Amino acid sequence: MMKFIHKTASPPYFYQLSGRWIPWLAGITVLLLLAGLYGGLIVAPTDYQQGESYRIIFIHVPAAWMSLFVYIAMAVAGAIGLIWRIKLAESVAVCSAPIGAGFTLLALITGSMWGKPMWGAWWVWDARLTSELLLLFLYFGVMSLYAAIADKRVASRAVALLALVGVVNIPVIHYSVEWWNTLHQGPTIAKFDKPSIDLRMLIPLLIMATAFKFYYVWALLLRVRVELLERERNTQWVKLLLKQLKG
Amino acid sequence: MSEFFHMGGYALYVWLSYAVAAVILIANIVIPKLQHKRMLKTLTKKMLRAEQLK
């Protein structure tokens, strides 16, 4: 098992393997996005309270879920890199940050696009919104810390520690709507009894969430490949690859 | 059809949200692709220069 992990996670092998995965991930992501958009914008009925404005949900909620998911993935990869010194895990952690920041930004922007017509304000200093904003700064912190340290192995360890410390913010974001009396609405889907949402809304929402998951892996592999090339630029496999490309 | 684009009066908010999503999602694909190309180019140049010095 460990042998298998070390083989798959070795930079030359992973660089090649991920190159073969990328077109598939791209195709699946695009198909799921199209299906989700069709379901969300055309099939799903109008909300009886919020009218058509609720259609922002198909972007907002999956983006917000992904902002947490990517953070956890980043922290776990960072921890694996810290403990076992696996280069691939270090790269996965670092490369997750800009993608996670993108999802967080998207959740915040679409949130304010939804807040303005529904609450009458683009922004309120409410527990959910504030903790999500803190998440954005954590991602930015990871990115700038990594960029600031020249030795990438050292930088990876620093980044992993920062990411792990920031994990405390994740349950705060998730439970913020329950712990505090917030303007943000409570959970509609992730609760134990039946979700209080029409199936024609729920299905496209789940399709979009799945599309975003595939998108994350796709965008992540694109970044990890660049990172691996840069880190391993003086190794034999990169030189071999360059010679092959030159033909 | 125009009713679809009108979004019950919320067109600005709804379509702006989808537009922002498109921009962010596309940027996170295009940027690493460009970086990859640039990286291969720089590394190839470096390798060729090193070979000439030999």
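Overview of the structure. (Residues numbered from 1 in each chain as written. Chains lettered and ligands numbered in written order. Predicted model: local features only at pLDDT ≥ 70, side-chain atom pairs only at ≥ 80, totals over all residues.)

Some words on the interface of chain A and chain B
It is common to report an interface's size as the accessible area lost on association of the parts.
Move 1: Taken residue by residue, the interface counts 32 residues in chain A and 23 residues in chain B.
Move 2: If you list the elements that add at least two residues to the side of chain A that touches chain B, you get α4 (87-119), α8 (199-231) and α9 (236-246) of chain A.
Move 3: With 11 residues, the single largest contributor to the side of chain A that touches chain B is α4(A).
Move 4: The residue inventory of the side of chain A that touches chain B, partitioned by class, reads 18 nonpolar, five polar and nine charged. (Contact = placed C-beta atoms within 7 Å. Helix = DSSP H or I, 4+ residues; strand = E, 2+ residues; numbered from the N terminus. Nonpolar A, V, L, I, M, F, W, Y, C, P; charged D, E, K, R; others polar.)

Examining the packing of α4(A) against helix α6 (residues 152-166) of chain A
Residue and element names in this part refer to chain A.
Move 1: Interhelical geometry of α4 versus α6 gives an angle of 60 degrees and a closest axis separation of 10 Å. Taken together, the axis directions place α4 and α6 in an arrangement best described as oblique. Note on packing geometry: the crossing formed by α4 with α6 is left-handed. Residues E90, A93 and V94 of α4 lie in contact with α6, whose contacting residues are S156, V159, A160 and A163.
Move 2: A breakdown of the residues in the contact of α4 with α6 according to their chemical character gives five nonpolar, one polar and one charged. (Axes fitted to C-alpha atoms, helices over the stretch in contact; angles between N-to-C directions. Parallel < 35°, antiparallel > 145°, perpendicular 65-115°, else oblique. Left-handed = near helix turned anticlockwise from the far one by under 90°.)

Here's the deal with α4(A)
Residue and element names in this part refer to chain A.
Move 1: In this model α4 runs 46 Å from its N-terminal to its C-terminal C-alpha over 33 residues, within 8% of the 48 Å that 1.5 Å per residue would give.
Move 2: Of all the bends in α4, the greatest, near 30 degrees, is centred on A97, and the proline P98 appears no more than four residues after it.
Move 3: By the criterion of burial, α4 is predominantly enclosed, with 26 of the 33 residues buried.
Move 4: Following α4 by one or two positions, G120 adopts a phi angle in the positive range, close to 85 degrees. (Expected span 1.5 Å × (residues − 1). Bend = angle between axes of the 7 residues up to and from the residue. Buried ≥ 20, exposed ≤ 12 C-beta atoms within 10 Å, placed from the backbone.)

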